[in-house]
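# Architecture and fold: a report
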Amino acid sequence: MAGDVSFDVVSDFDEQELRNALDQVRREVGQRFDFKGVTVELEQAKDELTLVTDDEHRAAAIKDLIESKAVRRNLSLKIFDWGKVEPAGGNKVRQEIRLRRGLTEEIAKRITKLIRDEFPKVKSQIQGDAVRVSGKSKDELQKVITRLRELDESVPLQFQNYR
C-alpha cells in the first residue's frame, strides 16, 4: 500500500469544552434572576449528563442554555440525546442526556456503502467505531470528505489522521 493516502471518519467531541460549557451554564444559572431560589443540579458522567430541577419549564430553559453554550464552544448539538423529563422525588424533575460518541455500526455501514457506490477508486473499511478511508489520490479523498460533510447524520463527523 505504498503511496496510498488515508484518513479516519470518527464521531467525537472535546470533553474539556463540554465541561467548560456546563460550568458556564452553572455560573449563569446562579446569576440569573429567573433562577433565584430554584434547584438546578447538572452532573456529568462519562457518557451522560443528569439534570435535576424544579419543573419542566426550568428544564427547557436549561436545555436552551446548554445548547447555546455548547455552540459557542464549537460543540455540535448532535452529541446530545435528550431523554424524557421524568418526575423525581420532592417535586423535582430529572432529565437524562446521553452523549453520542463514536459511529454506530449502522452509520458506519451507510458511510462505507456510500463511498463504495460513489467513489470506486477509494477503499473504506470499518475499524471499531471509526471508518478508515484510503486511496491513491488526495483529490479523491478530498471529494469523499466534501461528500460526507453534506450528509445529514444523527452524529457529528470529524476527519482525522489525514496522511
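Preceding this section is the structure that the text describes.
Residues numbered from 1 in each chain as written. Predicted model: local features only at pLDDT ≥ 70, side-chain atom pairs only at ≥ 80, totals over all residues. Heavy atoms only, no water.

## Observations concerning the sheet that holds strand 5 (residues 92–99)
In plain terms, the rule: Any two strands with at least two DSSP-identified bridges between them are counted as paired. A helix here means a DSSP run of H or I that spans at least four residues, while a strand means a run of E at least two residues long, and both kinds are numbered starting from the N terminus. Here an angle of 0 to 180 degrees is reported between the N-to-C directions of two axes, which are lines fitted to C-alpha atoms, with helices fitted over the stretch in contact. Contact definition: two residues touch when any of their heavy atoms are within 4.5 Å.
Pairing is antiparallel across the open sheet formed by four strands, whose spatial order is 2-3-5-4. Across the chains shown, the open sheet's two edge strands, defined by having one partner strand only, are strand 2 (40–44) and strand 4 (80–88). Strand-to-strand twist across the sheet, computed as the mean angle between neighbouring axes with direction ignored, equals 15 degrees. Sheet topology note: the strand 4/strand 5 ladder contains seven bridges and is antiparallel. What sits directly across from Asp81, in strand 5, is Arg98. The strands touched by helix 2 (residues 56–72) within the sheet are strand 2, strand 3 (48–53), strand 4 and strand 5, with strand 4 carrying the most contacts at an inclination of about 160 degrees.

## Some details on the pairing of strand 2
Note that strand 2 and strand 3 share five bridges and pair antiparallel. Paired with Gln44 across the strands is Leu49, a residue of strand 3. Linking strand 2 to strand 3, which pair antiparallel, is a turn of three residues.

## A closer look at the pattern of salt bridges
Rules: A carboxyl oxygen of Asp or Glu within 4 Å of a side-chain nitrogen of Lys or Arg is what we treat as a salt bridge. The cut-offs for exposure are 20% and 50% of the maximum accessible area for each residue type, with area from a 1.4 Å probe on protein chains only; residues under the lower value are buried, those over the upper are exposed, and the others partly exposed.
Taken as a whole and judged by the stated rule, the model has 20 salt bridges. In this structure, the salt-bridge partner of Arg98 is Asp81, at a minimum N-O distance of 3.6 Å. With Arg98 in strand 5 and Asp81 in strand 4, the pair connects residues that are 17 residues apart, well separated along the chain. With relative accessibility at 47%, the residue Arg98 sits in the partly exposed group. We classify Asp81 as partly exposed; its relative accessible area is 27%. Residue Glu150 pairs with Arg147 through a salt bridge whose shortest N-O separation is 3.8 Å. Taken together, the positions of Glu150 and Arg147, both in helix 4 (residues 138–150) and three residues apart, correspond to about one turn of that helix.

## Some thoughts on the nonpolar core
Rules: Nonpolar core, defined: a set of buried Ala, Val, Leu, Ile, Met, Phe, Trp, Tyr and Cys residues in which side-chain atoms within 4.5 Å join the residues together.
Ranked by size, the top nonpolar core spans 21 residues in total, and within it Leu18, Val25, Ile62, Ile66 and Phe80 carry the most contacts. For this core, the secondary-structure elements that each account for two or more residues are helix 1 (15–31), strand 3, helix 2, strand 4 and strand 5. No other element matches helix 2, which puts five residues into this core. Look past the residues within four positions of Phe80 in its chain and what remains in contact with it is Leu18, Leu49, Ile66, Ala70, Ile97, Arg98, Leu99 and Arg100.

## Considering the packing of helix 1 against helix 2
Definition in use: Roughly parallel here means an angle under 35 degrees, roughly antiparallel means over 145, roughly perpendicular means 65 to 115, and every remaining angle is called oblique. Crossing handedness is defined as follows: a turn of the near helix away from the far one that is anticlockwise and smaller than a right angle gives a left-handed crossing, while the clockwise case is right-handed. Residue classes follow a fixed rule: Ala, Val, Leu, Ile, Met, Phe, Trp, Tyr, Cys and Pro count as nonpolar, while Asp, Glu, Lys and Arg count as charged, and any other residue, Gly among them, counts as polar.
The N-to-C vectors of helix 1 and helix 2 enclose an angle of 135 degrees; their axes lie 9 Å apart at closest approach. Taken together, the axis directions place helix 1 and helix 2 in an arrangement best described as oblique. In this structure, helix 1 crosses over helix 2, and the sense of that crossing is right-handed. Listed contacts from helix 2 to Ala21, Leu22, Gln24, Val25, Glu28 and Val29 of helix 1 are Ile62, Leu65, Ile66, Lys69 and Ala70. Taken together, the residues of the contact of helix 1 with helix 2 sort by class into eight nonpolar, one polar and two charged.

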